[in-house]
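So the chains spell out like this:
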Amino acid sequence: MINQLEYIYPDNFESNIKEYLKILPTKKGELNKRAYMVSKLMVNIMGIKPEFIGFEENRNDVYYAGILIETKDEINKSTREKALEELKRYKNTREENGYTVSKLIVTDGNIFEVYNTNEQKEYDFILNHEIKDQNDDYTLNNLYTRLYLLFNPKGIKLNPKIDIIIPRLLDLQNEILKNIQNNKINIDNLEYAIKFDEWKNYVAKVLGNNNEISLEFYLRHVIIYYYSLFIVGKVLGENNTENILNGSAFEAKGIMNFVEPDNFFDIFVDKNNKFFLYINEEIDLYDFSNINDDIFRVLYESVISPSERHNLGEFYTPEWLAKILVDDLVEKDNVILDPACGSGTFLKLSIERKKNLGSNNNIPDQVIGFDINPLAVVFSKANYILSLGKDYLKQKLDLIIPVFLADSLMTYYKRSSLNADIQSVTIDFNPIANIKAEFDYSYVDEGNEPIIQLNKYIEDMKIFVYNNLKTVSINVPKKFNYNSDLIKKLIQLVNNKKDGIWFYVLKNIYTPYYFRNKIDVVLGNPPWLTYRETSYERQHDLDSIYDEYNMKHGSQNKANVDYAGFFIARSSEYLKRKNKKITGKIGFVITRSIMNASQYNGLRTKAWVNSTNISNLIDIDNSINPFRKPSCIIVFDFNLKKCKYINGSLIKNSANKKIDVFSNNIDYDIINKKYYINASENESAISDKPMNFGKNSIYKSIFKRGATIFPRPYFFVDILKEEEYAYLIKTMDKYNPLTADKRHKKGNYSFVWNNFYALKDLIYNIILGESIENFGIHLHDKAVLPVMDYTFIIDENKDTIPYTYSIKNNIYETKNMNTIQNNLLKNYIEKLNEIEEDWEKNRGNKFTTAKNDANSMSFIDWLNYGNKLLSQHKYNYMVVYNTSGTRIRSAVVENKNILVDYTAFYAYFDDKNEAYYICGILNSDYLINQLKNSGILSERHIVKKPFQIGIPKYDKNNDIHNNITLLSMELHKLKDKIDNESNKEEIENLNKEFKDKYNELNAYVEKCLNN
């Protein structure tokens, strides 16, 4: 056998194959057999990712990794000849379209006839013959190996196009992983343990949690890392494995930092390990003489799971979209920085554009990238090398690829200290060593580049450390004076065999600082995370940026600030200065929230430190948007003087059919537009329609947000049974951690109510945003709360860990409770203590017992955060509306004992007419259209934005106001009738009447707001 890799069959392999062969004959017809073969054999048994299987595309039956598969209901002379004719036609069509076909297979799902591309048979593989005599591990492995090689043949030359190389490399990755896990491939246990711990600690901070971090996850990164080394090595014509691994193959080409010592993934001390043989053998199959596809981007996308990408806030920018920004901002000689470069799409396109513009000699001085993800940095470097090309590399000596593992937000610096002579960074060596130390460094202009000087400084420090491992009394040279303490601690780490990747970290951590005031354009697609989605440690890092750049706008908005906001603020530090004034541009692909979300009000109105004018805005229509959130491209220009409008455009799908927005080349229409910054009293938005605002409505201060009845499993319940004093309850299925869908499952809270008798007095109807309709409410949700008569019935003890609860002393007497009720209440208190324990456990490092710290809140504190629960009380009339959604839904509630959740806003009124008046206006299309036209009403958040429009105070002497009131009352009654009517014809009549009344209401609201 060509490949020495042992292919290890998965669990239940034999039984699954037998089940497949048993069910296959029952599938009647070619299509059914084909579908079953793909789903059961290829996906379920062989573990092939379905997204890499072309199923009935372009008239092909099945296409996978260069293999065309034609399926027939049965195999005979006639069907074989027909299948080969079809395969030949499909092969020619695919090759005309730039694809490569490596093998042809004719099959009925059991018999597999394998042909070369000249339709010459190579061998038969009959699955039911193979399985009959399988009775031990060896023969089962042999069967699995034959199946694997059926779909991943060896001994052929392959084109490194994405549709071939990616699925094959991922299949090989799975097999190598199983060999490591089954000790068929040896790794250095000490090196492995150190590197894994270091990487786990690092990635936990980046991701914000430990959910994705496992040995398997790490090893997949290791395998992909080595793929990149071998691919780039082969592209550059290097065949010596040792030279590729130690980096000398790249240094010989003048590339000095592609393979960096002490990196996160180098866990193999023995460079002759057969692990490298397996990778080298696969990479050797490909002809890299003409590589056009961005295989590193797709590899990166494939190894980084969707949930990790979500945690990182990473969303791939297709080349056609990135090219719009690159073509706008990249010039022949300007200096470009992508501060969150991912796999290097923007770097690659920037290099290509500069080459086309004639900038051939100094591209590495002009195109720079940072990323906080170690694997992203490796792939960006690989893309960078391939984009430069062999001819360019021949001209360049001692090339430092300017892509660095670094925090481009420079969270360890204060803005006020960025111009200091000496910068200090605290390096945390945990968890592998209980050591912290500071690294201090000052750049001295000696005629060479800061990065080269820094690399040499750290290399000299490393040499000094290793030369003094046994020295008792260390005499630190003058050049290291600032770092004598750090050097002693590094010696301690090396002696304890825990030196790991720290020299690598030191080389990278300072690079952002050295590029400050050197950049002409900052561009890219920063992470699409919000502040609240990051780890507590990362939030602490971001707090200084938030304060230093005056990003505050409203008490609630900090949690909603996208990472892009922090990147925009910090990017100004990288831009060049002229006469101490910032010059240059910042251009990002970003969420559309930049146009209307409250957290960006200060940026739009230039209240942020270092904020400036917007020179270009490209809105991305939903028909062509490749992201899961509405998005746009925005450019800030520090050289632009203020003008009345922003030049921009809208890009949209030019085809009348669905398109693949991730294709590199798509047709789109560009519609030129002018955008305006519309500002109200304390909000702003960007819109293509100019609008003038007056003062806020007086109703803005009246409406309040409901209580944070969260985590949901602690409170929301279904009633199973009613007794005299109690309800039998359980946590609602939609909030139960075991049954909740992704939309309703927030956090890892595990407490649930399960057949518990709760005192009736503790059960409340709750209004959520989703409970509210236009002119009506559906009360489906109930919650069990430690509240009676709008007052807590418990005392809290924060001197214990976890916090504990007890019943208020006077509750039994003041509520005149009997023994049954007393016992029910005592049982409930026991559950509250269980909930508090679960709360503190799952808050993790976000929970602290430090007094007066916001993170010391108990779950009861959170329930009443901002006094939003206990401030609710009895009322005559209450108006409610939803806090988020695409349109406002409002209703009046009359004198009911109902509490409001944080997903809704509410206001109390004594005057019935006023309540119905304001509700009518909130429900009107006219108000919504005014808000949307101004840009202030976003796709998601309503909050108090309706009151940016000057809704006048209700005047009982105003006929327009009274007409709105009467129509609102009538619409409430009609809504109630519609909800309770079962006759379809009557419902239709009521709906018509409702529509007529609603149109009449809109006409009066328009008069009211324009009066």
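So, a few notes on the structure that sits alongside this text. (Residues numbered from 1 in each chain as written. Predicted model: local features only at pLDDT ≥ 70, side-chain atom pairs only at ≥ 80, totals over all residues. Heavy atoms only, no water.)

1. Details of a negative patch on the surface
Piece 1. Taken together, the side chains of Glu985, Glu986, Glu988 and Glu993 make up a negatively charged region of the molecular surface.
Piece 2. Tracing the backbone shows glutamate 985 in helix H32 (residues 984-1010).
Piece 3. Classification of glutamate 985 by relative accessible area gives exposed; the value is 59%. (Patch = residues over 30% accessible without salt bridge, like charges linked within 9 Å, V, L, I, M, F, W, Y side chains within 5 Å. Areas by Shrake-Rupley, 256 points an atom, 1.4 Å probe, with all protein chains shown as cover. Salt bridge = Lys/Arg side-chain N within 4 Å of Asp/Glu carboxyl O. Lys, Arg positive; Asp, Glu negative; His and termini not counted. Charge placed at Lys NZ, Arg CZ, Asp CG, Glu CD. Helix = DSSP H or I, 4+ residues; strand = E, 2+ residues; numbered from the N terminus. Buried < 20%, exposed > 50% of the residue type's maximum accessible area, 1.4 Å probe, protein only.)

2. Observations concerning the pattern of salt bridges
Piece 1. Per the counting criterion, the structure on display carries 50 salt bridges.
Piece 2. Residue glutamate 86 is joined to lysine 72 by a salt bridge in which the shortest nitrogen-to-oxygen separation is 3.1 Å. Residue glutamate 86 is located in helix H3 (residues 77-96), and its partner lysine 72 is located in the loop between strand S3 (67-71) and H3; the two are separated by 14 residues in the primary sequence.
Piece 3. Judged by relative accessible area, which is 12%, glutamate 86 ranks as buried.
Piece 4. On the accessibility criterion, lysine 72 (7% relative accessible area) is buried.
Piece 5. Two residues, glutamate 175 and lysine 178, come together in a salt bridge whose shortest N-O distance is 3.1 Å. Of this pair, glutamate 175 and lysine 178 both sit in helix H6 (residues 162-181), separated by three residues, roughly a single helical turn.

3. Brief notes about the packing of helix H1 (residues 13-23) against helix H2 (residues 30-45)
To characterise two packed helices, one gives the angle between the axes of the helices and the distance between these axes.
Piece 1. Here H1 crosses H2 at 175 degrees, and the two axes come no closer than 11 Å. Here H1 lies roughly antiparallel to H2, going by the angle between them. In this structure, H1 uses Phe13, Asn16, Ile17, Glu19, Tyr20 and Ile23 to contact H2, whose residues at the interface are Tyr36, Met37, Lys40, Leu41, Asn44 and Ile45.
Piece 2. Across the contact of H1 with H2, the residue classes break down as eight nonpolar, two polar and two charged. (Axes fitted to C-alpha atoms, helices over the stretch in contact; angles between N-to-C directions. Parallel < 35°, antiparallel > 145°, perpendicular 65-115°, else oblique. Contact = heavy atoms within 4.5 Å. Nonpolar A, V, L, I, M, F, W, Y, C, P; charged D, E, K, R; others polar.)

4. Notes on the packing of aromatic side chains
Piece 1. Enumeration according to the criterion identifies 60 aromatic pairs in this entry.
Piece 2. Look at tyrosine 457 and phenylalanine 480: their rings are 5.3 Å apart centre to centre, the planes differ by 75 degrees, and that puts the pair in the edge-to-face class. One end of the pair, tyrosine 457, is in helix H18 (residues 450-467); the other, phenylalanine 480, is in the loop between H18 and helix H19 (484-495), and 23 residues separate them in sequence.
Piece 3. Accessibility expressed as a relative area gives 2% for phenylalanine 480, which makes it buried. (Phe/Tyr/Trp six-rings, centres within 6.5 Å; stacked < 30°, edge-to-face > 60°.)

5. Details of the layout of surface pockets
Piece 1. Quantified by volume, the second largest pocket comes out at close to 660 Å³.
Piece 2. The wall of the second largest pocket is formed by 31 residues, among which Glu251, Met256, Val259, Glu260 and Pro261 lie closest to the centre.
Piece 3. Only helix H7 (189-207), helix H8 (215-235), helix H9 (241-246), H18 and helix H20 (502-509) provide two or more residues apiece to the lining of the second largest pocket.
Piece 4. Class assignment for the residues of the lining of the second largest pocket results in 15 nonpolar, six polar and 10 charged. (1 Å grid on protein atoms, 1.4 Å probe; cavity = no way out; pocket = protein on both sides within 12 Å on 5 of 7 lines; lining within 4 Å. Points joined across faces, edges and corners; volume = space filled by probe spheres on them.)

6. With respect to the sheet that holds S3
Piece 1. The strand order across the open sheet built from six strands is S1-S2-S3-S4-S5-S6, with neighbouring strands paired in mixed fashion. With one partner strand each, in any of the chains shown, strand S1 (53-55) and strand S6 (121-126) form the two edges of the open sheet. The mean inter-strand angle of the sheet, taken between neighbouring strand axes irrespective of direction, is 20 degrees.
Piece 2. Its contacts with the sheet put H3 on strand S2 (62-64), S3, strand S4 (103-107) and strand S5 (111-115), and the angle it makes with S3 is roughly 145 degrees. (Pairing = 2+ DSSP bridges.)

7. Quick word on the pairing of S6
Regular strands place side chains that alternate from one sheet face to the opposite one.
Piece 1. Relative to S6, S5 is paired through five bridges, and the arrangement is antiparallel. Paired with phenylalanine 112 across the strands is phenylalanine 125, a residue of S6.
Piece 2. Following S5, the chain reverses through five residues before pairing antiparallel with S6; glutamate 119 in that reversal takes a positive phi of roughly 65 degrees.

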